[in-house]
Amino acid sequence: MKCPYCDREMRLGTINASNLLSWTPDGESASGVTRWAKSPNAVVLAKWYGLIDASVEAFYCEECRKIIIDVPEKDLAGCVVKEGDVLFNRTNSKDLVGKTCHFTGKEPMIIAGYIIRLRMNGKVLPEYLSTFMNLDRSKKLLYSMAKGAVGQANINAKEVQSIPIIIPPENIQQEFLKLRKQSDKSKYVAYQETFFREKIIKIYIHLQLQEE
Ligand SMILES: [Zn+2]
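A few points on the structure. On a predicted model such as this, the values are computed, not experimentally measured, just so you know. (Residues numbered from 1 in each chain as written. Predicted model: local features only at pLDDT ≥ 70, side-chain atom pairs only at ≥ 80, totals over all residues.)

### A short note on the overall build of the protein chain
Here comes step 1: Looking only at helices and strands, the protein chain features 5 helices and 14 strands.
Here comes step 2: For the protein chain, the share of sequence-separated contacts (at least 6 apart) that also reach a separation of at least 24 residues comes to 66%. (Helix = DSSP H or I, 4+ residues; strand = E, 2+ residues; numbered from the N terminus. Contact = placed C-beta atoms within 7 Å.)

### With respect to the sheet that holds strand β9 (residues 100-102)
Here comes step 1: Taken together, 3 strands build an open sheet; the order of strands is β9-β7-β11 and the sheet is antiparallel. Strands at the two margins of the open sheet, each flanked by one partner only, are β9 and β11 (115-118). For this sheet, the mean angle separating the axes of adjacent strands, direction not counted, is 25°.
Here comes step 2: Both strand β7 (residues 86-89) and β11 contribute to a ladder of 4 bridges, which runs antiparallel. Bridging across to β11, V86 finds its partner in L118.
Here comes step 3: The sheet strands contacting helix α1 (residues 126-133) are β7 and β9, and the helix crosses β9 at an angle near 165°. (Pairing = 2+ DSSP bridges. Axes fitted to C-alpha atoms, helices over the stretch in contact; angles between N-to-C directions.)

### Considerations on the pairing of β7
Here comes step 1: Side chains V86 and F88 of β7 all project onto a buried face; the interleaved residues L87 and N89 project onto a face where none is buried.
Here comes step 2: Bridge analysis of β7 against β9 gives 3 bridges, and the strand direction is antiparallel. Residue pairing across strands places L87 opposite C101, the latter belonging to β9. (Buried ≥ 20, exposed ≤ 12 C-beta atoms within 10 Å, placed from the backbone.)

### Overview of the sheet that holds strand β1 (residues 11-17)
Here comes step 1: Strand order in the open sheet formed by 3 strands is β1-β4-β5, with antiparallel pairing between adjacent strands. On the outer flanks of this sheet lie β1 and β5 (66-68), each paired with one strand and no other. Mean inter-strand twist for the sheet, computed between neighbouring axes without regard to direction, equals 40°.
Here comes step 2: Relative to β5, strand β4 (residues 54-61) is paired through 3 bridges, and the arrangement is antiparallel. From the neighbouring strand, F59 faces β5, where its bridge partner is I68.

### Let's talk about the packing of α1 against helix α4 (residues 170-182)
Here comes step 1: Between α1 and α4, the least distance of the axes is 10 Å, while the angle of their chain directions is 65°. With respect to the hand of their crossing, α1 and α4 are arranged in left-handed fashion. Only Q173, F176, L177 and R180 of α4 make contact with α1, whose side of the interface consists of E127, Y128 and T131.
Here comes step 2: Class assignment of the residues belonging to the contact of α1 with α4 gives a composition of 3 nonpolar, 2 polar and 2 charged. (Left-handed = near helix turned anticlockwise from the far one by under 90°. Nonpolar A, V, L, I, M, F, W, Y, C, P; charged D, E, K, R; others polar.)

### Quick word on the nonpolar core
Here comes step 1: Core analysis: the biggest nonpolar cluster contains 18 residues, and F88, V97, V124, Y128, L129, A146 and I155 have the highest contact counts within it.
Here comes step 2: At the level of secondary structure, the elements contributing two or more residues to this core comprise β7, β11 and α1.
Here comes step 3: Ranked by residues supplied to this core, first place goes to α1 with 4 residues. (Core = buried A, V, L, I, M, F, W, Y, C linked by C-beta atoms within 7 Å.)

Structural data, given as structure tokens:
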């Protein structure tokens, strides 16, 4: 993000708290002494979940000494995952950032701030998407996208939406998953090569993070 004051590139980081992270309007105060105490018109930036601290992405301009934080769209809606969602690990070591899985639980669950939830739009099977994101070819792209130090690399939600995904028709997605399950590791690597080079009419679309 460019700093709106000086137009220089801002540094991405996170602001963390062991309790509710919120903005309190002037003249109000947080009521109560619990970890989730907030004022009546507070703007909630992040919540803590169990042992995981509240965490929100923030851009910092070293020149102007300003920090910009996006207010999450809705309080909790973006943190609930249900069966068929794909989960993307946005903060990890540089080797592991972008590790992706699809959620198969029957009961909805709450995810922590370092996971980005991708809700499917009907064009892609969750298992295909998570498999695609974990391919070596995708890993290379994610590695080049990740910003930050070795211990804490990051890919933010906007960047996730810019990742090009090859999405063939559903029957070919099914075929890919079937062959992956049937073949051993070395055959699977060889199979990927031909699959993406010859078999697919490449359709690049952008993932959309869908609102509930
Ligand atoms: Zn600035």
